[in-house]
Structures are given as structure tokens and as C-alpha cells.
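Residue-level structure breakdown
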Amino acid sequence: MSFYEKFGEYDYSNFKKYLDNEDKDLVLNVLKKEKINFFDYLYLLSNGAKKVLPQIASLARELTIKRFGKVINFYAPIYLSNECSNSCIYCGFNHSKEIKRTTLTKDEIEKELIALKEVGFDSVLLLTGESPKIAGLDYIKEAVIMAKKYFTYIGLEIYPMSEEEYRELVKAGANGLTIYQETYHKETYDKVHLKGRKKNFEWRLDTPDRAFLAGFRKVGIGALLGLYDLKYEASIIGLHAEYLQKKYWRGEVTLSFPRINPKETGFDIPYSVTDKDLVQMLCALRIFLPDTPFLLSTREKPEFRDKLIELCITQMSAGSKTNPGGYTKDDAKEQFEVSDKRSLSEMLEVVKNKGYDPVLKDWEENFLGII
Ligand code: SF4
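Residues numbered from 1 in each chain as written. Predicted model: local features only at pLDDT ≥ 70, side-chain atom pairs only at ≥ 80, totals over all residues. Heavy atoms only, no water.

1. Examining the nonpolar core
Ranked by internal contacts, the top residues of the largest apolar core, which has 109 residues, are Tyr 41, Ile 56, Phe 74, Leu 126, Leu 156 and Leu 169. With near-sequence residues (within four places) excluded, Phe 74 lies in contact with Phe 121, Ser 123, Met 316, Ala 318, Leu 344, Met 347, Leu 348, Val 351, Pro 358, Val 359 and Leu 360. Within the second largest apolar cluster, 16 residues are counted, among which are Tyr 75, Leu 125, Leu 227 and Phe 267. (Core = buried A, V, L, I, M, F, W, Y, C linked by side-chain atoms within 4.5 Å. Buried < 20%, exposed > 50% of the residue type's maximum accessible area, 1.4 Å probe, protein only. Contact = heavy atoms within 4.5 Å.)

What follows is the structure in C-alpha cells.
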């Protein structure tokens, strides 16, 4: 059974009684448990939980240190192309936007890779919009092969493909795939994805399944926070991550928490997410899924990112550019405006000053076959 089929079985109205809870004592009882179930997790997302957020945060911090140590892994994105045939109304690369479109040549990709390697990164995330004709499978495969010369860990954030196509990318050297559902709320999904292949909700929802079946070692999921009600999104993210972890237990599920930045496209955020809301969701997820790595991008402000280091985040990007060629020529449109512009070396200092160990390399190809 794929996640799409499982998703059809959920009745969200059954979750409401837990999510609408106002009683903090029920939440405190959840915190005393050795291991919590999905309905306990819903209590942690409730208003009652807001009243005891410091206690929830304290447990989330304790569990993060217990499972991961005081460690932050760093990675950096490379945007290969801002061509896109989709019309996601919240995105700067939206097909209908009149922006300068760029797809990096082989030579330009090499320069970007070298620029990041020289700064000290060993994990890279390669991104594209959805334009199979201009930046299709062969183009991405070539980029992975080139990246493998410089980086130990290659992650991809690209459009949904078939299992066979993903297999080719894994064979080329890709280790991880990130695919955000954007919103798990079907009606909202239909409203914000106006044109293109991305209109297919089901195809996107089953992408993490196909990615694991194709052999990706790590698969990252999440929603674009702000498109729909946070409690709903958080509930389904929890279910989706738990489902993937149980089914593909040899691999690793990771979670990211992108919030819409209103400056991106002038998009009016329908369900604004405050810092406090986001912290509550992160802590609840940490207690529900203690072994799951949490990623945080430079979309968030420096002060907020610094606080989350000590709470439950385990991986961060740094010094990011969100336009193709951003590390070497920087003349194309960004996908979103970076809020934390600090360099990798500045971030390493921040992490060290908090008593945490920054990690640039946490993976070795030779591990394959023995774990
Ligand atoms: S979110 Fe992705 S698919 Fe949608 S317009 Fe932007 S780049 Fe294209």
C-alpha cells in the first residue's frame, strides 16, 4: 500500500478532539511516557500544549542530544536551473513570471561545485525547477556525476520522477532526495498549483515511496508552511514520516520546515505561522519521531536559527544562494530571499560557541554494504 492509498483512509475529523484539547494536564501526561503514539503527538500540537511549551521544548532538546549528540551537520544548495513549467502561485520561478531563466552549463556547474568545495562543504544539494525538456534526467545525471568528484554526499531536490528514472540517479551517485508535498490539503493543493505536471497530487504524494524503492538512502519530506492550517499539515507530516520510516526502515527519513517568505512573490500567506507555532511543531515532532534528522534552511532569520540549534535541529544550510550560478556570477533571479546570509565559517563559529560540534562530512560511500 502506497502512502496515497493510506492517506485516503484517514479521517481528519477523528484527529480534531486531540488537536482541539485545551487541557495542559493531558499534555503533561504525554510527556511522562517512554514512547508516544500518534494521538499523543496530536496532543502535543494542541492549544493545551502551548501552555506547557517550555516543558515540551526541554524534552525535545534532551531527546535530540540523546539521539544525535551536540552536533550540527552542514550542507549547501546549488540551483542548477530556474526553468519551470509549473505555476505554483507562491514561487519566484513560477512559469508565468517574467524573470531571467538560466540553466547552468557543464562548465558553470563545475565552477559552482569548486566554489562550494573550496569553502569547506562536503554535502551538496542539487536543485532544479520542473523542466524535463531543459533540465531533464540526463542533465541532472550529468550534474550528479560531476558533483561526485568533489562531494561525498549528494542530495537532490528536483521534480517527481518514476522509480526507474530515480534508479539511474542513484546509480550515478545521488544519495538523497527531498520532495515537499507543499500542502497535504488536497483542495488547497489544487488552488495553488495552477498548471503543469505538479497539478498531480497523487503522483507527488507517492514520490517518497518511489525514491526509497529506487535506492535513495535518505528521503526528505515536508510542507511549505503557511499554505494551509498548521495543525492539519503537522498531523499528516507526522503520519507520512512514520509510515515511511516503518516501511523503508533501512533508509532514513528527514524533515524540513520551510515557511513561506512573503517577500518571495508578493504572495499573501493564507495561514501565517509564528515562531512559537513552528517551535511547538518541531518539538512535538521530535518527541514523536526522536531519531529523525531535522533540517533548517537559510529562509529563517539568524537569531531564530541560532536558537533552534540548541533545541532540535540537526542539519543546516549556510552561505546559501538560491539562484543558478549564485556562488560564481550571481545574476539570475533567486527562488526565495535568504534571511540568514552568514557564511559557512561564521556558522561554524556560532555552533562551536554554543558548545556544539559542526560536522561537514558524515557519510562515506564505503559504508554501503556493511550497514
Ligand atoms: S515551486 Fe518548484 S515546481 Fe513550483 S514553480 Fe517553483 S520551481 Fe517550479
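Structure's up, so let's keep going.
2. A look at the environment of Lys 195
For Lys 195, the position within the fold is in the loop between helix H10 (186-192) and helix H11 (201-205). The contacts of Lys 195, once residues within four sequence positions are left out, are Ser 85, Asn 86 and Ser 87. (Helix = DSSP H or I, 4+ residues; strand = E, 2+ residues; numbered from the N terminus.)

3. Quick word on the layout of surface pockets
Taken as a whole, the largest pocket encloses approximately 510 Å³ of empty space. Taken together, 20 residues line the largest pocket, and the ones lying closest to its centre are Lys 35, Arg 67, Ile 287, Phe 288 and Pro 290. When contributions to the lining of the largest pocket are tallied by element, the ones reaching two or more residues are helix H3 (24-31), helix H6 (53-68), helix H13 (230-247) and helix H14 (275-288). The biggest single contributor to the lining of the largest pocket is H6, with five residues. (1 Å grid on protein atoms, 1.4 Å probe; cavity = no way out; pocket = protein on both sides within 12 Å on 5 of 7 lines; lining within 4 Å. Points joined across faces, edges and corners; volume = space filled by probe spheres on them.)

4. Remarks on the site of the ligand
As a matter of local geometry, the ligand sits amid Cys 84, Asn 86, Cys 88, Cys 91, Phe 93, Asn 94, Gly 129, Lys 198 and Gln 335. Among the residues making up the shell around the ligand, the classes are represented as four nonpolar, four polar and one charged. (Near = heavy atom within 4 Å. Nonpolar A, V, L, I, M, F, W, Y, C, P; charged D, E, K, R; others polar.)

5. Looking at the side chain of Glu 233
With respect to the element layout, Glu 233 can be found in helix H13. The charged side chain of Glu 233 is buried without a salt bridge, its nearest counter-charge being Arg 204 at 11 Å. Other than its neighbours up to four places away in sequence, Glu 233 contacts Glu 182, Thr 183, Tyr 184, His 185, Ala 223 and Tyr 228. (Lys, Arg positive; Asp, Glu negative; His and termini not counted. Salt bridge = Lys/Arg side-chain N within 4 Å of Asp/Glu carboxyl O.)

6. Considering the pairing of strand E2 (residues 123-128)
Across the six residues that make up E2, a large majority, six, are buried. Covered by surrounding structure in E2 are Ser 123, Leu 125 and Leu 127 together with Val 124, Leu 126 and Thr 128, the residues of both alternating faces. The sheet contact formed by strand E1 (residues 71-81) and E2 spans five bridges and is parallel. In the sheet register, Tyr 79 faces E2, and the bridge partner there is Leu 127. Handedness of the crossover joining E1 and E2 through helix H7 (residues 106-119): right-handed. As defined by bridge partners, E2 adjoins strand E3 (residues 153-157) across five bridges and the pair is classed as parallel. Counted as the bridge partner of Leu 125 is Gly 155 from E3. Viewed along the sheet, the connection from E2 through helix H8 (residues 137-148) into E3 turns out right-handed. (Pairing = 2+ DSSP bridges. Right-handed = clockwise from strand over helix to strand, strands pointing away.)

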